[in-house]
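# Summary of the model geometry
The chain contents come next:
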Amino acid sequence: MQKYSIMSLARQALNGHRGWQPAWREAEPKRRYQVIVIGGGGHGLATAYYLARVHGITDVAVIEKGWIGGGNTGRNTTIVRSNYLWDASAALYEKSLQLWEGLSQDLNYNVMFSQRGVLNLGHTLQDMRDIRRRVNANRLNGIDGEVLDTQGVKRLVPFINTSPDARYPVLGASWQPRAGIARHDAVAWAYARAADALGVDIIENCEVTGIRRDSGRVTGVETSRGLIEADRVGAVVSGHAGVLADMAGFRLPLESHPLQALVSEPLKPILDTVVMSNAVHVYVSQSDKGELVIGAGIDAYTGYGNRGSFRTLEEFLAALIELYPIFSRLRMLRHWGGIVDTAPDASPIIGRTPVDGLFFNVGWGTGGFKATPGSGWVFAHTLATGQPHDINAPFSLERFHSGALVDEHGAAAVAH
Ligand code: FAD
Ligand code: PYC
């Protein structure tokens, strides 16, 4: 990997950065690969990286219809935590959190992972019962967590409105100190660079338009740059899983909804943790640039437009001001939406499909960014061996037939 001295950095600055080495090659598609990963978001790129690094499979292409990280990876609000309720989810999200803890070193790239803690507020007695149950379950799984009362929340966020007369008073929260945020696009770039260095082809501006099959087995993908054959294909296409499933001739139990977010003008440091409220429908953190990063639940309608409705926006800004009256004169800078595929149990689908050799890693709904490293880790195992890793076995498509759902609506922390 190229190293830059202070002098060479200064030279680059003066010559308009014309001498930078590209972080990954602009690969031309080959006729055939051992494995094709469809989707160059964080999950797809992490999958390719672990295929190469852990399983020694380097004859891999990541095929992205736009630019890498331009989907939900670059649109999300970067909250990382592992405080889910059920054992199956705890194993998946905690594996991911452990990988986050060493990720900058592993990829030799600063992904700005900041363990500043996450608060999930409780506003009713039932919320607090659910929080206690979840924190106890987390601790039994070796995951850090505490139950805070109102004063405990106030100590961490002194300007939060804890008036007992509020519409939804703050009765307490769950608190996961090891949780936090990371720089979303750096995660995509870091995995892309590391995968490329191991020989993976990253092919941008190449849309998959069809899934080739022969006698029930996948043989390759049709793309906007021609047919590319492969022994195995993994689809990691957050927001468009239904479209890819349709190309392969089956249906998934998913709905695609807009999820919106916005950032404010930059402020001096004011909030050094992440605060989420499922009941009031708003969450907020402060980026290293000083912007408040704000979001809420999904828009109720289905669709593929990368925007949300004004009504949802209005509601979550009203909730923001109710919880934090100090933000009432804040100006907003940018607002956007992404499309999230939500499953009936608010858990992802990772594994085999009705087509042999075709695997899906989709349905992460509102909460897949936190799982990027762990999702890539288990999906690489699945693509390499044809079998689920112990961690993703409970997240198969078959669970919607057997009824063994992993209901995480409570821990999803974003209403949907
Ligand atoms: P993506 O980054 O979307 O990558 C999928 C890629 O597939 C895209 O780049 C797309 O262009 C490509 N693709 C699709 N179809 C094709 C095709 N036919 N051919 C080729 N390529 C194709 N999660 C959290 O954990 N914490 C959060 O704070 C959080 N906040 C969020 C806030 C918002 C506003 C949104 C929208 C989502 C949020 N999420 C959050 C969810 C999170 O963003 C996603 O679950 C996660 O980023 C999914 O990653 P991915 O790599 O699977 O998807
Ligand atoms: O899953 O923690 C989460 C989350 C926060 C914002 C959107 N999703």
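Everything in this summary refers to the structure shown in the same document. These numbers were taken from a predicted model, which means no experiment stands behind them.

### Side note on the overall build of the chain
- Each helix and strand counted, the chain has 12 helices and 18 strands in total.
- The C-alpha radius of gyration of the chain comes to 21 Å, within 12% of the 22 Å expected for a compact globule of 416 residues.
- Dimensions of the chain, computed from C-alpha atoms along their principal axes, come out at roughly 65 × 60 × 40 Å.
- Relative to its 416 residues, the chain shows a buried fraction of 56%.
- Long-range pairs, those at least 24 residues apart, make up 76% of the contacts in the chain with a sequence separation of at least 6.
- For the chain, the exposed area adds up to about 18000 Å²; of that, 51% sits on carbon and sulfur atoms.
- When the 40 basic and 40 acidic side-chain charges of the chain are each reduced to a single mean position, those positions are 4 Å apart.

### Quick look at the site of ligand 1
- Around ligand 1, a shell composed of 37 residues is seen, among which Glu64, Asn72, Thr73, Thr77 and Lys370 lie nearest.
- At a separation of 2.8 Å, an oxygen atom of ligand 1 approaches a polar backbone atom of Lys370.
- In isolation ligand 1 exposes 1000 Å². Once the protein is present, 97% of that is buried.
- When contributions to the shell around ligand 1 are tallied by element, the ones reaching two or more residues are helix 2 (42-55), strand 12 (255-266) and strand 16 (332-342).
- It is strand 12 that contributes the most residues to the shell around ligand 1, three residues altogether.

### Overview of the side chain of His257
- Along the polypeptide, His257 turns up in strand 12.
- Using a relative accessible area of 4% as the deciding quantity, one classes His257 as buried.
- Within polar-contact distance, the side chain of His257 engages the backbone oxygen of Asp299 at 3.0 Å.
- At 2.9 Å, the side chain of His257 and the backbone oxygen of Tyr301 are in polar contact.
- Those residues within four positions of His257 in sequence are excluded, and the remaining contacts are Ile298, Asp299, Ala300, Tyr301, Thr302, Gly338, Ile339, Val340 and Thr342.

### Focus on the site of ligand 2
- Taken together, Thr77, Ile79, Arg81, Tyr84, Met276, Tyr283, Thr366, Gly367, Lys370, Ala412 and Val414 are the residues near ligand 2.
- In this structure, a nitrogen atom belonging to ligand 2 sits 2.8 Å away from a main-chain N or O atom of Thr366.
- The protein chains hide 95% of the 240 Å² of surface that ligand 2 would expose on its own.
- Taken together, the residues that form the shell around ligand 2 break down as six nonpolar, three polar and two charged.

### Some words on the packing of aromatic side chains
- Counted by the stated rule, this structure contains 12 aromatic pairs.
- With 5.5 Å between their ring centres and 25° between their planes, Trp100 and Phe113 make a pair best called stacked. Placement of the pair is Trp100 in helix 3 (residues 87-101) and Phe113 in the loop between helix 4 (103-107) and strand 4 (118-122), with a sequence separation of 13 residues.
- Linked through ring pairs, Tyr49, Tyr50, Tyr191 and Trp377 together constitute an aromatic cluster.
- If you follow Lys95 out to its NZ or CZ, it ends over the ring of Trp377, 4.0 Å from the centre.

### Observations concerning the packing of helix 3 against helix 10 (residues 372-385)
- Relative orientation of the contacting elements helix 3 and helix 10 amounts to 110°, with a least axis distance of 7 Å. Here helix 3 is positioned roughly perpendicular relative to helix 10, judged by the angle of their axes. Together, Leu92, Lys95, Ser96, Leu99 and Trp100 of helix 3 and Thr372, Pro373, Gly374, Trp377 and Val378 of helix 10 make up the contact between the two elements.
- The residue inventory of the contact of helix 3 with helix 10, partitioned by class, reads six nonpolar, three polar and one charged.

### Section: the environment of Val263
- Of note, Val263 is situated in strand 12.
- As for Val263 and Ser287, which are separated by 24 residues in sequence, their C-alpha atoms are 9.1 Å apart.
- When neighbours within four sequence positions are excluded, Val263 is seen to be in contact with Glu291, Leu292, Val293, Met332, Leu333, Arg334 and Trp336.

### Focus on the nonpolar core
- Trp100 and Tyr191 are the most contacted members of the largest nonpolar core, which has 49 residues in total.
- Contributing elements (two or more residues each) for this core: strand 1 (32-38), helix 2, strand 2 (60-63), helix 3, helix 4, helix 7 (184-197) and helix 10.
- Grouped together as the second largest cluster of nonpolar side chains are 32 residues, Val218, Val233, Ala245 and Ala343 included.

### Re the sheet that holds strand 5 (residues 146-149)
- Taken together, eight strands build an open sheet; the order of strands is 5-6-4-13-14-15-12-16 and the sheet is mixed. Strands at the two margins of the open sheet, each flanked by one partner only, are strand 5 and strand 16. Put simply, the sheet's adjacent strands are angled 20° from each other on average, direction ignored.
- In this sheet, strand 13 (residues 274-277) lies alongside strand 4 in parallel orientation, the contact comprising three bridges. Residue pairing across strands places Leu119 opposite Val275, the latter belonging to strand 13.
- Across the sheet, helix 5 (residues 125-140) lies against strand 4, strand 5 and strand 6 (172-176), angled at about 150° from strand 5, the strand it touches most.

### Considerations on helix 8 (residues 241-248)
- Listing the buried residues of helix 8 in full gives Ala241, Leu244, Ala245, Met247 and Ala248. Seen from one end, helix 8 has its buried residues packed into an arc of 155°, which puts them on one side.
- Contacts made by the buried residues of helix 8 are with strand 1, strand 9 (208-214), strand 16 and strand 18 (358-362).

### Remarks on the pairing of strand 17 (residues 349-352)
- Here strand 17 pairs with strand 18 via four bridges, running antiparallel. In the sheet register, Ile349 faces strand 18, and the bridge partner there is Val362.
- Counted along the chain from strand 17 to the antiparallel partner strand 18, the turn is five residues long, and its residue Gly357 has a positive phi close to 80°.

Reading the values: the criteria
- Per chain, residues are indexed from 1 in the order of the written sequence.
- Each chain gets a letter, beginning with A, and each ligand a number, beginning with 1, in the order they are written.
- Where local features are concerned, this predicted model is filtered to residues with pLDDT of at least 70; where side-chain atom pairs are given and counted, the filter is 80 or more; whole-chain, interface and lining totals use all residues.
- Excluded from the side-chain calculation are hydrogens and water; included are all heavy atoms of the structure.
- In DSSP terms, a helix is any run of H or I states spanning at least four residues, a strand is any run of E spanning at least two, and both are numbered starting from the N terminus.
- Radius of gyration here is computed from C-alpha atoms only, and the compact-globule reference equals 2.2 Å multiplied by the residue count raised to the power 0.38.
- In this scheme, a residue with accessible area under 20% of its type's maximum is buried, one over 50% is exposed, and one in between is partly exposed, where area comes from a 1.4 Å probe on protein chains only.
- Residue contacts follow a heavy-atom distance rule, with two residues in contact if any of their heavy atoms lie within 4.5 Å.
- Computed with a 1.4 Å probe, the accessible areas rest on the Shrake-Rupley method; for each residue, only the protein chains presented here act as cover.
- The charge count treats Lys and Arg as positive and Asp and Glu as negative. His and the chain ends do not count.
- Lysine's charge is taken at NZ, arginine's at CZ, aspartate's at CG and glutamate's at CD.
- The criterion for a residue being near a molecule or strand is simple. One of its heavy atoms has to lie within 4 Å of it.
- As used in this structure description, the phrase polar contact means that two N or O atoms lie within 3.5 Å; if the pair is within protein, one of them must be able to donate a hydrogen and the other to accept it, and residues adjacent in sequence are counted only when both atoms belong to side chains.
- In this classification, Asp, Glu, Lys and Arg are treated as charged, Ala, Val, Leu, Ile, Met, Phe, Trp, Tyr, Cys and Pro as nonpolar, and every other residue, Gly included, as polar.
- Only Phe, Tyr and Trp rings are paired, with Trp represented by its six-membered ring, and only when their centres lie within 6.5 Å; those with planes under 30 degrees apart are stacked, over 60 edge-to-face, the remainder tilted.
- Working rule: Lys NZ or Arg CZ, within 6 Å of ring centre, within 35 degrees of ring normal, means a charge sits over the ring.
- Angles shown run from 0 to 180 degrees and are taken between the N-to-C directions of axes, each axis being a line fitted to C-alpha atoms and, for helices, limited to the stretch in contact.
- For classification purposes, angles smaller than 35 degrees are called roughly parallel, those larger than 145 roughly antiparallel, those between 65 and 115 roughly perpendicular, and all remaining angles oblique.
- In plain words, nonpolar cores are sets of buried Ala, Val, Leu, Ile, Met, Phe, Trp, Tyr and Cys residues tied together by side-chain atoms within 4.5 Å.
- Should DSSP find at least two bridges between two strands, the strands are taken to pair.
- Note that the arc is computed from the directions linking the helix axis to the C-beta atoms.

Geometric descriptors of this kind do not, in isolation, establish any biological role.
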